[in-house]
Amino acid sequence: MVSIRWQSGALQVRSESGAVRDWSFALEAGGGRLRPQRTQVSRADGGLEVTLTYARPALAWQIAVGVLDGEDRVAVTSTLRNLSRRPVALGRAFLMDAAGPQRCGSRAGDLVCLPLPGHIRPRPVYRVADPDCPRSSKIKTQFYERRSGSALQVGFLTFQRANTEVEHEAIAGGGLGRLRAWCDFAGWELAAGASTATEEFTVAFGCDPYAQLERWADLAAARCAPRRWEDAPVGWVGWAWVDGFTVERYQGVALRNARAIRERLAGFGVDYLWVSLGNLATAPGDWLNWNRELFPDDPEVFAGALRRLGFALGLWCGPFWVCSSLTALCRELDDALLRGADGAPMVVRSEWQFGAAGRLPRAERPCIYALDPSHPKALARLREAFATYRRWGVRYYMLDFLHAGAGNIGEFPYAQHHDRRLVAGPEVYQGFLRALREAAGDDTYFLTSSGPSVHNAGVVDAIRTGNDFGEGRPMYPESYFYPATYVINSGEFWTGPQFALRNQASAWYLHRRLFLNDSGNVLTVDKPIPISDAQVHATIHALSGGPTMLGDDIDRIDPERLALITKTLPRPRAVAVPVDLFDHVHPECPRVFHRAVACSWGRFDVVAVYNFGPGLLTESVDLARLGLDPTATYLAWEFWDERYVGRVRGRLEAAVPPHAVRVYRLVRDEDRPQVLGTDMHVLMGEMEIAEAAWDAAALTFSGRALRPAGQRGSVFVHVPSRLRVASPRGVWISKDARDAALVLRCALDFAEGEARWSLRFAPLGAPLDMSKLDLT
């Protein structure tokens, strides 16, 4: 239970697992920090109501502090009222200024934290005492004291109007010192006699940081009305082994791959084709100037050709961007460009190096300016572009470099904006996104990247949580990739898997709560990528529960590598949970990920263990941390090696080669024939097995599987040593040398999209019935 009391002019909040001491409130307005003339505190609805009244300027700040029912979570809401006769410029409203030291657990020294930054960047867990630990977060910070098992969460539940910050200090011994959290109205004027709410703030105590993170996402979702895109989109973008800019014409590459997908990946739900940059004839900002050199057909004609093949057209767009090379457009939009403190247009990218601009000497390349998201000219121009795109048939967008117009959310705070009725930062930014959404249509998919993350909730469908994982680049001499199109053998490279996996781990709790997490980005698996690396890529995508764009040349891909892609489809809804998220602090990466799978025919667990190191990794996975019974016996199967690992109890001893992944399926041993695994999907049963049942009376184990027509696959079955196969024809039967159990392979042919198996057994000691043998 949480207790709240007012003592010595501040809140004192305590629970069994921690405490926040000397918690006060502070307000900035009229250009300075205000001193309250009067403080009133009263009990209300099981919490406290604090009213601070200020004289100059005349403001009243009413703050409600309560405990959420049944939770060790404090919620703070507040309202500011202007009591004067003129507008008041508001600054920061500190919903928490706690002097500390604070208590998270019974002892210090092993305190770690997971910040939530405002925009997309690497998101590891940090040790609070480390010098490189960030001292601030845009939305919230999750603390966890590993020795005592105590968790503390500090942050905002709303964040889409005023910029929010959470700041902490470390003290000697690795403890937690001062805590501050504020929302910044950034000079927005509160009209005379008017009121406005601040952002809502929360502090949670407990022992489970995973539960606190998931609960935070649920509470935040209830306040921002997220969009729900049910089936994670799968499409094709290429770029790894095809170059539609310098080797082949982009239109031909796209149509060639679209036809190949319908032939080689038919039935796997690949429904989008994303054209990235190739549609632009000049530079960002000139959005409707179609590149007829790379796409000879009119856009409507090209989109129609894709539609007849069953694809929706997707485009890349950096909606805030205007390239300085577009001189006439820059003059036209001069008053609609964001400006810095010096009054000059803000440069949000020092050079544009793509296409013709990339062939210029570096000193002569154009730069990128940013549009004012609140200016009517900017809004009208983007509305026109997105409405036109809709008429062309565009139904998918990768909206990129959104930090350019996000203001104080990210890297480019602007000095002023046009529509002063809106608060700088989140409110202005959200308004711009909603204008794009209205023009693009509700049935159009928005994926965002290189900018704000949770601030996009309610407008976009998915967030790129990580890096440009899996992407290649055209063979431009100025590119690091040159004279190649893809970089291999570096997990930490900015298109490699380690960044993607780290952010998949740190953002797992946001998936399907605020938006879809796009943590895989582009799935690229073809040779000469090493097979173990390709398996890592496929596993990250399959366990992401999110969207995928295919990066390979599907028309020419090696058949074995094409099969890797099919093992990731269709995509499940849920994302794997990082079991060891708080075990591995920066610069390490979590390596154990878990999915608990419940199907109509049974339940099982999938555990992926990644190794990005140069040597063999041995990882002892505590089954209790997976929510499994440590006293029970489980049957373990490994997917990529197609190996029966054996019976395990208490711990799974994983052995992972360098730069590889192992995916284990665990099912409780019920001393009867059971599915061990499959070779069809990384989840080994969730997405391809529709039925599996044991008839004890008839000693028959049967099932039904679903895959696209023309596919083939195998189901592996474990049989206890007391049984034998009574009808062995067409069944691959092996005996495990360790425990005498049988491991069977049932080959399935999905000629019509469905395949069944039925295995009849007899007691091991029962005599063979020679009359039933088929000797033909």
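Residues numbered from 1 in each chain as written. Predicted model: local features only at pLDDT ≥ 70, side-chain atom pairs only at ≥ 80, totals over all residues. Heavy atoms only, no water.

1. Considerations on the overall build of the protein
Basically, it comes down to this: Each helix is a run of DSSP H or I of at least 4 residues and each strand a run of E of at least 2, with the numbering of both proceeding from the N terminus. Radius of gyration here is computed from C-alpha atoms only, and the compact-globule reference equals 2.2 Å multiplied by the residue count raised to the power 0.38. For each residue, the accessible area found with a 1.4 Å probe, counting protein chains only, is set against the maximum for its type, and the residue is called buried under 20%, exposed over 50%, and partly exposed in between. With residues, only the protein chains shown are counted as cover, and all accessible areas are computed by Shrake-Rupley using a 1.4 Å probe. This count recognises Lys and Arg as positive and Asp and Glu as negative, with His and chain-terminal groups excluded. Taken as the charge centre is NZ of Lys, CZ of Arg, CG of Asp or CD of Glu, depending on the residue.
In terms of regular secondary structure, the protein is built from nine helices and 48 strands. Relative to the compact-globule value of 28 Å for 776 residues, the protein shows a C-alpha radius of gyration of 29 Å, a close match. For the protein, the C-alpha atoms occupy an extent of roughly 105 × 70 × 40 Å along the three principal directions. Counting every position in the protein, which comprises 776 residues, the buried fraction comes to 61%. Surface exposure of the protein reaches about 29600 Å², of which carbon and sulfur atoms provide 49%. The averaged location of the 88 negative side-chain charges in the protein is 3 Å from the averaged location of its 89 positive side-chain charges.

2. Section: the packing of helix α7 (residues 497-506) against helix α8 (residues 531-542)
Under the convention used in this document: In this description, a line fitted to the C-alpha atoms serves as the axis of each element, helices being fitted only across the stretch in contact, and the angle between N-to-C directions of two axes falls anywhere from 0 to 180 degrees. Angle categories: roughly parallel below 35 degrees, roughly antiparallel above 145, roughly perpendicular from 65 to 115, and oblique for all the rest. Note: crossing handedness is left-handed where the near helix turns anticlockwise from the far helix by less than a right angle, and right-handed where it turns clockwise. Whether two residues touch is decided by their heavy atoms; if any such pair falls within 4.5 Å, the residues are in contact. Gly is put with the polar residues, along with every residue not named as nonpolar or charged; the nonpolar set is Ala, Val, Leu, Ile, Met, Phe, Trp, Tyr, Cys and Pro, and the charged set is Asp, Glu, Lys and Arg.
Between α7 and α8, whose axes approach to 11 Å, the crossing angle comes to 25°. What the angle tells us is that α7 and α8 run roughly parallel. Seen along the crossing, α7 lies across α8 with a hand that is left-handed. Of the residues in α8, those in contact with Pro497, Leu501 and Gln504 of α7 are Val536, His537 and Ile540. Taken together, the residues of the contact of α7 with α8 break down into four nonpolar, two polar and no charged.

3. Considering the sheet that holds strand β26 (residues 368-370)
The following threshold applies: Paired strands are those between which DSSP finds at least two bridges.
One open sheet accounts for three strands, arranged β24-β26-β25; its pairing is antiparallel. Each end of this open sheet is capped by a strand with a single partner; those strands are β24 (321-323) and β25 (347-349). Neighbour-to-neighbour, the strand axes of the sheet open up by a mean angle of 50°, direction not taken into account. Across two bridges, the pairing between β25 and β26 is antiparallel. Across the sheet, residue Arg349 finds its bridge partner in β26, namely Ile368.

4. With respect to the pattern of salt bridges
Opposite charge on two side chains allows them to pair when their charged atoms are near. Put simply, the rule is: By definition, a salt bridge exists where a carboxyl oxygen of Asp or Glu is found within 4 Å of a side-chain nitrogen of Lys or Arg.
Summed over all chains, the structure comprises 51 salt bridges. With a shortest N-O distance of 3.6 Å, Arg262 and Asp271 are connected by a salt bridge. Assessed through its relative accessible area of 26%, Arg262 is described here as partly exposed. What you see here is one network of salt bridges that share partners, running through Glu248, Arg256, Asp553, Asp555 and Arg556.

5. Quick look at the environment of Gln674
The cut-off we apply is this: N or O atoms within 3.5 Å of each other form a polar contact, as long as, within protein, one can give a hydrogen and the other can take it, and as long as residues adjacent in sequence are counted only when both atoms are side-chain atoms.
Examined against the element boundaries, Gln674 turns out to sit in strand β41 (residues 674-678). Residues Gln674 and Val717 lie 43 residues apart in sequence; the distance between their C-alpha atoms is 5.5 Å. Once residues within four sequence positions are removed from consideration, Gln674 is found in contact with Leu635, Val667, Arg668, Asp669, Phe701, Phe716, Val717 and His718. In this structure the side chain of Gln674 is engaged in a polar contact, spanning 2.9 Å, whose partner is the backbone nitrogen of Glu670.

6. Re the pairing of strand β37 (residues 633-638)
Among the six residues of β37, six are classified as buried, and the element is accordingly described as predominantly covered. Linking two consecutive strands that pair antiparallel, namely β37 and strand β38 (residues 643-649), is a turn of four residues; a positive phi of about 50° is found at Glu642 within it. Here β37 runs beside strand β40 (residues 660-668); their pairing, made up of five bridges, is antiparallel. The residue bridging Leu635 from the neighbouring strand is Val667, located in β40.

7. Thoughts on the sheet that holds strand β35 (residues 602-611)
With respect to topology, six strands assemble into an open sheet ordered β33-β34-β35-β40-β37-β38, the strand pairing being antiparallel. Across the chains shown, the open sheet's two edge strands, defined by having one partner strand only, are β33 (577-578) and β38. The sheet contact formed by β33 and strand β34 (residues 592-599) spans two bridges and is antiparallel. Note that in β34 the partner of Pro578 across the bridge is Phe593.

8. With respect to α8
Keep this limit in mind: By this rule, a helix spans an expected 1.5 Å times one less than how many residues it contains.
For α8, which comprises twelve residues, the first-to-last C-alpha distance of 16 Å matches the rise-based estimate of 16 Å (1.5 Å per residue) to within 8%. Buried within α8 are the following residues: Asp533, Ala534, Gln535, Val536, His537, Ala538, Thr539, Ile540, His541 and Ala542.

9. Here we look at the side chain of Arg707
Relative to the helices and strands, Arg707 resides in the loop between β43 (700-706) and β44 (711-719). Among buried charged residues, Arg707 stands out as having no salt bridge; its nearest opposite-charge side chain is Glu688, 5.9 Å away. There is a polar contact of 2.9 Å between the side chain of Arg707 and the backbone oxygen of Thr566. Those residues in contact with Arg707 that lie beyond four places of it in its chain are Phe268, Thr566, Lys567, Leu569, Pro570, Met680, His681, Glu688, Phe750, Gly753 and Glu754.

10. Description of the pairing of β35
When you tally the buried positions in β35, you get eight out of ten residues, the bulk of the element. Where β34 lies against β35, eight bridges are found, and the strand directions are antiparallel. The residue bridging Ala598 from the neighbouring strand is Arg603, located in β35. Connecting β34 to the next strand, β35, in antiparallel fashion are two residues. Of the strand pairs in this sheet, β35 and β40 are connected by seven bridges, and their pairing is antiparallel. Note on β40: the bridge partner recorded for Val609 is Arg662.

11. Digging into unusual backbone geometry
A cis geometry characterises the amide bond from Tyr482 onward to Pro483, with omega recorded as 5°. Here Pro483 lies in the loop between β29 (462-464) and α7. With an omega of 15°, the peptide bond running from Lys527 to Pro528 counts as cis. Its location among the elements puts Pro528 in the loop between β31 (522-523) and α8.

12. Some points on the packing of aromatic side chains
Stated precisely, the cut-off is as follows: Under the pairing criterion, centres of Phe, Tyr and Trp rings, with the six-membered ring standing for Trp, must be within 6.5 Å; the plane angle then separates stacked pairs below 30 degrees from edge-to-face pairs above 60, leaving the rest tilted. Geometrically, a charge over a ring is one whose NZ (Lys) or CZ (Arg) sits within 6 Å of the ring centre while staying within 35 degrees of the ring normal.
Across all of its chains, the model carries 47 aromatic pairs by this definition. Aromatic pair Trp321 and Trp352: ring centres 5.8 Å apart, planes at 80°, arrangement edge-to-face. With a gap of 31 residues between them, Trp321 in strand β24 and Trp352 in the loop between β25 and β26 connect regions that are remote in the sequence. For Trp321, a relative accessible area of 1% puts it in the buried group. A relative accessible area of 7% means that Trp352 is categorised as buried. Each member of the aromatic cluster is reached from another via a ring pair, and the members are Trp239, Phe245, Tyr250, Trp290, Phe295, Phe302, Phe386, Tyr389, Trp392, Tyr397, Phe446 and Tyr476. Sitting over the ring of Phe94, Arg33 keeps its end group 4.8 Å from the ring centre. The ring of Phe311 has Arg262 sitting right over it, with the charged end atom 4.0 Å from the ring centre.

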